Amino acid sequence: MDFDDAPQDKAFRDEFRAWLASHRPGEVPADAAEAFAFRRAMQREMAAGGWAAPGWPRAWGGREASVSQSIIYQEELALAGLPPIANAIGVWNVGPALLVHGTDEQRARWLPAMLRADEMWCQGFSEPDAGSDLANVQTRAARSGDEYVVNGQKIWISYGGEADRCFLLCRTGGADERHRGLTVLVADMRARGVEVRPLRDIAGARGFSEVFFTDAVVPVADRIGEEGEGWSVAMSTLAHERVGAITYGIQLRQKLDALLARPEMWPEEPVASALRAQQVGALYTAIEIIRLTALRAVTKAARGEDPWPETPIGKLLWSVTAQELPEVALSALGMEGLLWPGDARAPDGGRWALDEIAMRMTTIAAGTTEVQKNVLAERALGLPRG
Ligand SMILES: Cc1cc2nc3c(=O)[nH]c(=O)nc-3n(C[C@H](O)[C@H](O)[C@H](O)COP(=O)(O)OP(=O)(O)OC[C@H]3O[C@@H](n4cnc5c(N)ncnc54)[C@H](O)[C@@H]3O)c2cc1C
């Protein structure tokens, strides 16, 4: 495997790095609402420079970037210490699905505002009884002339509070039809009958919400694909996670480097020192394996092959390592490591205490660890179904 950028990829990297250097948006604010406004302004600037959605077609403001260039883009953002764009769910998940399954009229109506973060999007898939078992979605959309009338509840909807539109997975067929009875609609989050109730997560953030639909009306013109095709439309939004995988390794490496710079990490006492060396070695090795697994996935995708089983292996390794890293940090930092952001005595601004709590989500979001293990056991190792 060749680890160097191909000439066209190097040119892409150089151009984006230079653009970022000359459009540096400043430091990300600590306050959540201010940080969101920062990411929104950053996305608008990127859209103006043609950098908000590099993988999209040029006709819609993208650059037709290849898989490897999309990875480079994420890498350079992470290396510049910048967060993802504000409308990441729109641009990375929904946009590609609209490009494949939407009509020209729908694309013209929604993509430009999505690109500039003028309209924010959320992804309404999960329900109280439909998370890992997504085919069990119960939110019902009943056809009535030129409209659907939607009733049901979604949960854990990231950016539900900020979103203007929701890419909504609904049941239009019978409950026993499972995947075949589903349809994707685009719901107006400000419409009558749509109620958003913010949820506070374990780390205190209000990143996701419950969304209740009570006789909410969605025009048939806002259906994506045909009735009953919702499963394949929904699955195409999840394909972006393959691209995200490699940046996970970069961010972990940045965190590990920051941790290694702390003097508390290097005790003089021989037993403690040997133990710490083992912890650091294990973390370093895991992060390298995540990086190399992601590169393998990218190589397969670039050849037009399915990046399997690297994608679930990478997600699994990343989610576990993301939780182990703050454990090691807290074991080195002692009591002070538990101090929360906002406390002047907190080492590194309290990021390790925050990560210890906030990273609990890595083994749940985008497919739980148990489900990833089942998938690998059955499909990659050929073990019998449990
Ligand atoms: C930070 C975050 C952001 C999210 N954002 C969104 C969003 O924007 N939009 C959206 O639609 N959803 C979102 N989700 C929801 C996410 O997709 C679900 O939480 C996830 O799919 C798991 O579903 P669940 O919570 O219903 O858990 P369940 O599926 O109920 O699982 C509960 C437990 O049972 C285990 N389990 C389930 N099935 C099996 C099985 N067959 N074998 C073994 N063990 C099993 C699971 O591993 C888990 O430990 C988000 C979640 C998080 C944490």
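Cut-offs and rules
- Residues numbered from 1 in each chain as written.
- Predicted model: local features only at pLDDT ≥ 70, side-chain atom pairs only at ≥ 80, totals over all residues.
- Heavy atoms only, no water.
- Disulfide = S-S within 2.5 Å.
- Core = buried A, V, L, I, M, F, W, Y, C linked by side-chain atoms within 4.5 Å.
- Buried < 20%, exposed > 50% of the residue type's maximum accessible area, 1.4 Å probe, protein only.
- Helix = DSSP H or I, 4+ residues; strand = E, 2+ residues; numbered from the N terminus.
- Contact = heavy atoms within 4.5 Å.
- Near = heavy atom within 4 Å.
- Polar contact = N/O pair within 3.5 Å; in protein donor to acceptor, adjacent residues only side chain to side chain.
- Areas by Shrake-Rupley, 256 points an atom, 1.4 Å probe, with all protein chains shown as cover.
- Nonpolar A, V, L, I, M, F, W, Y, C, P; charged D, E, K, R; others polar.
- Salt bridge = Lys/Arg side-chain N within 4 Å of Asp/Glu carboxyl O.
- Phe/Tyr/Trp six-rings, centres within 6.5 Å; stacked < 30°, edge-to-face > 60°.
- Lys, Arg positive; Asp, Glu negative; His and termini not counted.
- Axes fitted to C-alpha atoms, helices over the stretch in contact; angles between N-to-C directions.
- Parallel < 35°, antiparallel > 145°, perpendicular 65-115°, else oblique.
- Left-handed = near helix turned anticlockwise from the far one by under 90°.

*Asks:* Before we go on, may I ask you to explain the state of the cysteines in this structure?
*Replies:* Each disulfide consists of a covalent bond between the sulfur atoms of two cysteine residues. Counted according to the given criterion, the structure contains zero disulfides. Its sulfur unpaired, C166 is 3.6 Å from the next cysteine sulfur, which belongs to C122.

*Asks:* Just checking my understanding: could you explain the nonpolar core for this structure?
*Replies:* Here is a general trend for soluble globular proteins: nonpolar side chains tend to be buried in one another's company. Membership of the largest hydrophobic core comes to 47 residues, with the highest contact counts inside it found for M46, Y73, L98 and F167. Among the secondary structure elements, those contributing two or more residues to this core are α1 (7-22), α2 (32-48), α3 (67-79), α4 (88-101), α5 (104-115), β4 (165-171), β5 (182-188) and α6 (230-238). For this core, the element with the highest residue contribution is α4, accounting for seven residues. Here L98 is in contact with R107, W110, L111, M114, W121, F167 and I224, once residues within four sequence places are set aside.

*Asks:* So what exactly am I meant to see when it comes to the site of the ligand here?
*Replies:* Every one of the 16 residues lining the ligand counts as a neighbour, but S126, S132, W156, T368 and E370 are closest to it. Here F125 contributes a backbone N or O atom positioned 3.0 Å from an oxygen atom of the ligand. Here an oxygen atom of the ligand sits 2.5 Å away from a polar atom, N or O, in the side chain of E370. For the ligand, whose free accessible area comes to 970 Å², the fraction covered by protein is 63%. Residue assignment for the shell around the ligand shows that the elements contributing at least two residues are β3 (147-158) and α11 (369-380). For the shell around the ligand, the per-class residue count stands at eight nonpolar, seven polar and one charged.

*Asks:* Looking at this structure, I do not really get the pattern of salt bridges. What am I missing?
*Replies:* On inspection of all chains with the given rule, the structure shows 25 salt bridges. Between D355 and K255 there is a salt bridge, with the nearest N and O atoms lying 2.7 Å from each other. Residue D355 is located in helix α10 (residues 351-358), and its partner K255 is located in helix α7 (residues 241-260); the two are separated by 100 residues in the primary sequence. Exposure remark for D355: the relative accessible area of 10% places this residue in the buried category.

*Asks:* Any chance you could explain the packing of aromatic side chains here in plain terms?
*Replies:* What describes a pair of aromatic rings is the distance from one ring centre to the other and the angle between the planes of the rings. On inspection of all chains with the given rule, the structure shows eight aromatic pairs. Both rings, one in F16 and one in Y73, keep their centres 4.7 Å apart while their planes meet at 20°; by these two values the pair is stacked. Within this pair, whereas F16 is found in helix α1, its partner Y73 is found in helix α3, the two being separated by 57 residues in sequence. Grouping residues by exposure puts F16 and Y73 together as buried.

*Asks:* Can you help me understand the side chain of E210 in this one?
*Replies:* Its location among the elements puts E210 in strand β7 (residues 208-219). Despite being buried, E210 has no salt bridge partner; R197 is the closest side chain of opposite charge, sitting 4.9 Å away. Only 2.9 Å separates the side chain of E210 from the side chain of Q153, close enough to count as a polar contact.

*Asks:* Looking at this model, I keep getting lost on the packing of helix α8 (residues 270-302) against helix α9 (residues 310-333). Mind explaining?
*Replies:* The geometry of a pair of packed helices is captured by two quantities: the angle between their axes and the separation between those axes. Contact pair α8 / α9: the axes reach a minimum separation of 9 Å and the direction vectors enclose 155°. In terms of their interaxial angle, α8 and α9 are classed as roughly antiparallel. Our pair here, α8 against α9, has a crossing hand that is left-handed. In contact with R276, Q279, L283, A286, I287, I289, I290, T293, R296, A297 and K300 of α8, α9 contributes E310, I313, G314, L317, W318, T321, E324, L325, V328, S331 and A332. Grouping the amino acids of the contact of α8 with α9 by side-chain chemistry returns twelve nonpolar, five polar and five charged.

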